[in-house]
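Reading the structure
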Amino acid sequence: KTSVLGYLVYHPTERNLESLNYLLLVSDRKLSPISPSSMISAEMADLTVFHHAAQVFSRTNMEKRTLGLMVRVLLARPEYASLVDYHVPNYVEVPPAIFWAALTLNLEVVEELVDGGANPNIPVGVGTALVLVSHIQSGRLHVPPVMQKFFGSDRTSREAASRRLN
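The written sequence of each chain sets the order in which its residues are numbered from 1. Local features in a predicted model are, by the rule used here, given only for residues with pLDDT of at least 70; side-chain atom pairs are given and counted only at 80 or more, and totals for whole chains, interfaces and linings are based on all residues. Hydrogens are left out, water is left out, and the side-chain values use all remaining heavy atoms of the structure.

Structural notes on the packing of helix H5 (residues 61-75) against helix H8 (residues 107-115)
- Comment: axis = line fitted to C-alpha atoms, over the contacting stretch for helices; angle = value between 0 and 180 degrees taken between N-to-C directions. Helix and strand definitions follow DSSP, with helices as H or I runs of at least four residues and strands as E runs of at least two, each counted in order from the N terminus. Where H5 meets H8, the closest approach of the two axes is 9 Å, and the angle between their N-to-C directions is 25 degrees. Considered as vectors, H5 and H8 are oriented roughly parallel to each other. Here the hand of the crossing between H5 and H8 comes out right-handed. Two secondary-structure elements touch here, H5 through Lys64, Leu67, Gly68, Val71, Arg72 and Leu75 and H8 through Glu108, Val109, Glu112 and Leu113.
- Classification convention: Asp, Glu, Lys, Arg as charged; Ala, Val, Leu, Ile, Met, Phe, Trp, Tyr, Cys, Pro as nonpolar; all other residues, Gly among them, as polar. Partitioning the contact of H5 with H8 into residue classes produces five nonpolar, one polar and four charged. These descriptions rest on fixed angle ranges, namely under 35 degrees for roughly parallel, over 145 for roughly antiparallel, 65 to 115 for roughly perpendicular, and the rest for oblique. The hand of a helix crossing depends on one turn: near helix anticlockwise from the far one by less than a right angle means left-handed, and clockwise means right-handed. Residues are treated as being in contact if the distance between any of their heavy atoms lies within 4.5 Å.

Section: the nonpolar core
- The definition of a nonpolar core used throughout is a set of buried Ala, Val, Leu, Ile, Met, Phe, Trp, Tyr and Cys residues joined through side-chain atoms within 4.5 Å. Here the term buried applies to any residue with accessible area under 20% of the maximum for its type, exposed to any over 50%, and partly exposed to those in between, with areas from a 1.4 Å probe on protein chains only. Counting 36 residues, the largest nonpolar core has Leu20, Phe50, Leu74 and Leu113 as its most contacted members.
- It is helix H7 (residues 97-103) that provides the largest number of residues to this core, a total of seven residues.
- Residues within four places of Phe50 in sequence aside, it is in contact with Val71, Leu74, Leu75, Tyr80, Leu83, Val84, Ala97 and Leu113.

Here's the deal with the environment of Arg77
- On the secondary structure map, Arg77 appears in the loop between H5 and helix H6 (78-81).
- Residues Arg77 and Leu24 lie 53 residues apart in sequence; the distance between their C-alpha atoms is 9.3 Å.

Here it is as structure tokens:
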């Protein structure tokens, strides 16, 4: 289950970017009875829209660019930017979105989150997003055992990770 904004971000198309901008405009003008905060987090999963963006596997350069623009649009708004580091401490299932983005090799989202003020040094399990990104950039794609349920460490997963970076 996800929110409206989570759904739009999870499907990064130019049309959904327009829809995102429209919803934010409606919210600004108070034309909707739905507050922005009720749209950003899926109540059941306790995730922000940035967590949804972190999980997107963009297949094309246009999807990568559009996803980056979506994250940037949301981060430009204080009510969303305040959630950039949201996580559940000591609970590896809900790390900061930047950690998830690094773990899933979603470097476009990592870049936008860092530019938007995300802290890449929040510890999660055995590391931080900054450590993950440095390992990725150096070509060491070993995933610690505690994180393997999110992103496997087998040969197929490493090959998929390498393709994602290219």
